[in-house]
Amino acid sequence: RKGLQKLHDEKRIPAEQADTYAARLELEAELIISMGFVGYFLVVSDFIQWSKRNNIPVGPGRGSAAGSLVAWALEITNIDPIKYNLLFERFLNPERVTMPDIDIDFCIEGRENVINYIRSKYGNDKVGQIITFGTMMAKGVIKDVARALGFPFEDSNAITSLIPEQLKITLAQALEQEPRLQELLNSNPRAQQLFDIAFRLEGLTRHASKHAAGVVISPDPIDEVLPVYVPPKTDELVTQYAMTELESLGFLKIDLLGLKNLTLIDRVIKLIARTHGTQINIDALPLDDVATFQLISEGKTSGVFQLESSGLKEVLRKLQPDKFEDIIAVNALYRPGPLGSGMIDDYIERRHGRQKISYLFPELAPILEETYGVIVYQEQVMKIA
């Protein structure tokens, strides 16, 4: 409530909607308390506020946690969920009791300091990083087996280059999709032997390493409740259970991601202050700046988080966004499913008035009018249901 009052005092909550915010806060707080997640929220809020006090850039929040008003009031996120119609139930839901999952982005140079703060606060013996297992996937297993069989590097490379660039592709799928691979096996006994062995090893765990983001905090010393290992030349504790096992056991797992874009923004702000004497408050930038939308419409978004791929730049050039909601929609649509189904083209065509906006039935209009009748967000699916 104190957090909400602070947001009220900063005029970030419209006075006429005070009752709406208070009711939403009450509803969320009751659910968080009944599900036993109060500690989780307070721990996350504590180290984020510590980071801000110590000038370590923190992301504004993303993923389903942005739908929580409690998270906004505790400064975990920097996004008003009511303003953007974000649903709390997408984050926490009594029908589906799972641990809350808040992805927090930190400046890539400050992330280690945050982990050290968590260790100093809760005890070095109670904070551990999480193991991750590398598996022998299609390209990797061919390279490893080729090396063990003494294949020249060039031959090994030539074979792996025939495997299509596809996420999580298997050797069987590669043979199906690339006739040249099958021809190679039929004509070359050594290549056949290589694949015979690779088929048997594919999918096995190859090595263990430290998860890039995951940190676990335990009420008891970690080595008393979990198997651990200490990587060479460190004094860090790393759990020998991976992320999913830790979650199913009920451990408090937090994802602390290092994000180079935050480091970049921080450096740019400092450079502007030094060269122009102007202090920019990143949280107070207007979201309707015409010149910014001009740059975005030209696809000049290198270095902009999640808008920098060549494909997305092309979509921005076609869409010509002129409001912040357009950028939110593009980010949601630029994913394999919507791209494959032509939804992104429908969105662009309707946005420019070249395609008629239609609804399966009239009740969908208030839910889908902001996205021109295209179902873009999980929240829209939930409201339709």
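Preceding this section is the structure that the text describes.
Summarised in this report is the structure supplied together with it. (Residues numbered from 1 in each chain as written. Predicted model: local features only at pLDDT ≥ 70, side-chain atom pairs only at ≥ 80, totals over all residues. Heavy atoms only, no water.)

**As for a nonpolar patch on the surface**
A grouping of Ile265, Ile280, Ile282 and Leu285 is seen on the molecular surface, where their side chains present a nonpolar patch of about 300 Å² in accessible area. Topologically, Ile265 is positioned in helix H13 (residues 260-276). For Ile265, a relative accessible area of 37% corresponds to the partly exposed category. (Patch = residues over 30% accessible without salt bridge, like charges linked within 9 Å, V, L, I, M, F, W, Y side chains within 5 Å. Areas by Shrake-Rupley, 256 points an atom, 1.4 Å probe, with all protein chains shown as cover. Salt bridge = Lys/Arg side-chain N within 4 Å of Asp/Glu carboxyl O. Helix = DSSP H or I, 4+ residues; strand = E, 2+ residues; numbered from the N terminus. Buried < 20%, exposed > 50% of the residue type's maximum accessible area, 1.4 Å probe, protein only.)

**Focus: the pairing of strand E2 (residues 127-135)**
As paired elements, E2 and strand E3 (residues 205-217) share eight bridges and run antiparallel to each other. Residue Phe133 lies in a different strand from E3, and its bridge partner there is Ala208. Here E2 runs beside strand E5 (residues 238-239); their pairing, made up of two bridges, is parallel. Bridged to Ile130 within E5 is Thr239. (Pairing = 2+ DSSP bridges.)

**Details of the packing of aromatic side chains**
The full count for this structure, using the stated rule, is eight aromatic pairs. Summarising the aromatic geometry, the rings of Tyr84 and Phe324 are spaced 6.4 Å apart at their centres and angled 55° between planes, so their arrangement reads as tilted. Of the two residues, Tyr84 is situated in the loop between helix H4 (69-73) and strand E1 (103-107) and Phe324 in helix H16 (residues 324-333); the sequence distance between them amounts to 240 residues. Its relative accessible area of 21% is what places Tyr84 among the partly exposed residues. Among the aromatic residues, ring-to-ring pairing joins Tyr40, Phe41, Phe88 and Phe91 into one connected group. Taking the ring centre of Phe151 as reference, the NZ or CZ of Arg190 above it sits at 4.3 Å. (Phe/Tyr/Trp six-rings, centres within 6.5 Å; stacked < 30°, edge-to-face > 60°. Lys NZ or Arg CZ within 6 Å of the ring centre and 35° of its normal.)

**Some words on the pattern of salt bridges**
What the rule picks out here adds up to 21 salt bridges. In this structure, Glu109 and Arg267 form a salt bridge, with 2.4 Å as the shortest nitrogen-oxygen distance. One end of the pair, Glu109, is in the loop between E1 and helix H5 (111-122); the other, Arg267, is in helix H13, with 158 residues separating them in the sequence. As a salt-bridge pair, Arg119 and Glu236 come within 4.0 Å of each other at their nearest N and O atoms. Of the two residues, Arg119 is situated in helix H5 and Glu236 in the loop between strand E4 (228-229) and E5; the sequence distance between them amounts to 117 residues. Neither Arg119 nor Glu236 differs from the other in exposure class; each is buried.

**What about the pairing of E3?**
Both E3 and strand E6 (residues 252-259) contribute to a ladder of four bridges, which runs antiparallel. Paired with Val215 across the strands is Ile254, a residue of E6.

**So, the sheet that holds E3**
Strand order in the open sheet made by the six strands is E1-E6-E3-E2-E5-E4, with mixed pairing throughout. Whereas interior strands pair on both sides, the edge strands pair on one side only; in this sheet they are E1 and E4. Sheet contacts for helix H3 (residues 38-53): E1, E3 and E6; angle to E6, the most-contacted strand, approximately 25°. Packed onto the sheet, H5 meets E1, E2, E3 and E6 and runs at close to 130° relative to E2. (Contact = heavy atoms within 4.5 Å. Axes fitted to C-alpha atoms, helices over the stretch in contact; angles between N-to-C directions.)

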